[in-house]
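Report on the structure
Here's the letter readout for the chains.
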Amino acid sequence: MAISKVIKMIEIKHRCPPTIFSDIDGTIWKHEGDIRHSMKGTQRLLPGAFENFLKWHRQGFKIILTTGRPEFLREATERQLRELGIFYNQLVMDCGPGPRVLINDMEATSEDIKFKAKAQAVNLIRDHGMEDLEISYTQEKDL
Ligand SMILES: [Mg+2]
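First, a word on scope: everything that follows refers to the structure included in this document. Because the structure is predicted, anything quoted here is derived from the model rather than measured. (Residues numbered from 1 in each chain as written. Predicted model: local features only at pLDDT ≥ 70, side-chain atom pairs only at ≥ 80, totals over all residues.)

Quick look at the overall build of the chain now. From N to C terminus, the chain includes four helices and five strands. Seen in sequence order, the chain has helices and strands lined up from the N terminus as β-β-α-α-β-α-β-α-β. Out of the 143 residues belonging to the chain, those deemed buried represent 15%. Once local pairs closer than 6 in sequence are excluded, the contacts in the chain between residues at least 24 apart make up 71%. (Helix = DSSP H or I, 4+ residues; strand = E, 2+ residues; numbered from the N terminus. Buried ≥ 20, exposed ≤ 12 C-beta atoms within 10 Å, placed from the backbone. Contact = placed C-beta atoms within 7 Å.)

A separate point is unusual backbone geometry. The backbone of Asp 94 sits at a positive phi, close to 65 degrees, despite the residue not being glycine. On the secondary structure map, Asp 94 appears in the loop between strand 4 (90-92) and helix 4 (113-116). Positioned with a positive phi, Asp 127 is a non-glycine residue whose angle comes to about 70 degrees. Mapped onto the elements, Asp 127 comes out in the loop between helix 4 and strand 5 (133-139). Residue classification places Asp 127 among the partly exposed positions, given that 15 C-beta atoms sit within 10 Å.

This part covers the nonpolar core. Of all hydrophobic cores here, the largest spans twelve residues; its members are Ile 24, Ile 28, Trp 29, Leu 46, Ala 49, Phe 53, Trp 56, Phe 61, Leu 65, Ile 86, Leu 124 and Met 130. Take this core: its biggest share by element is three residues, from helix 2 (residues 49-58). The residues touching Leu 65, leaving out its near neighbours within four places in the chain, are Ser 22, Ile 24, Tyr 88, Leu 91 and Val 92. (Core = buried A, V, L, I, M, F, W, Y, C linked by C-beta atoms within 7 Å.)

Looking only at helix 2, the buried set comprises Ala 49, Asn 52, Phe 53 and Trp 56. Taken around the axis of helix 2, the buried residues stretch over an arc of 95 degrees, which confines them to a single face. Of the residues in helix 2, the exposed ones pointing more than 90 degrees away from the buried face are Glu 51 and Arg 58. In this structure, the buried side of helix 2 is in contact with strand 2 (19-22), strand 3 (62-66) and strand 5. Looking one or two residues past helix 2, Gly 60 carries a phi angle of roughly 85 degrees, positive in sign. (Arc of directions from axis to C-beta.)

The next point concerns the sheet that holds strand 2. On the basis of which strands lie adjacent, the open sheet formed by three strands has the order 2-3-4 and parallel pairing. Only two strands of the sheet have a single neighbouring strand rather than two, namely strand 2 and strand 4. With strand direction ignored, the average angle separating the axes of adjacent strands in the sheet is 20 degrees. Inspection of the sheet shows strand 2 paired to strand 3 by four bridges, in the parallel sense. (Pairing = 2+ DSSP bridges. Axes fitted to C-alpha atoms, helices over the stretch in contact; angles between N-to-C directions.)

In terms of strand pairing, strand 3 meets strand 4 through three bridges, oriented parallel. Bridged to Leu 65 within strand 4 is Leu 91. Between strand 3 and its parallel partner strand 4, the chain crosses via helix 3 (residues 74-84), and the hand of that crossover is right-handed. (Right-handed = clockwise from strand over helix to strand, strands pointing away.)

So, in structure tokens, the structure goes:
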């Protein structure tokens, strides 16, 4: 299977919509690797990014952007996000260039682990976009 054809699918069933933690460079727009471009340039949006963020926003997902960009690039980053129309709730800067690990609790008694797991992850290939990423959310009703 070609690396760009890997389908990413996450299914969530919960009372509340999920919170997305998403990287920016190489995930939402093309990774440039040059800090001068990060400060001044207009970024090149990757396929599926705008559509997914809009969809998640409309579904009531919370969107937290996490980036290794240093804090002094906050204003430039906010401007670039605005220019490209990317919806988000919070922007967390200075996360470092290393791997990211999400930790959460889950109900230990749950029988349906697939839907109860509260920490899930997707690794996207840098600069390939997110057209094949699907996060399906079904609202669970309170009993
Ligand atoms: Mg990145």
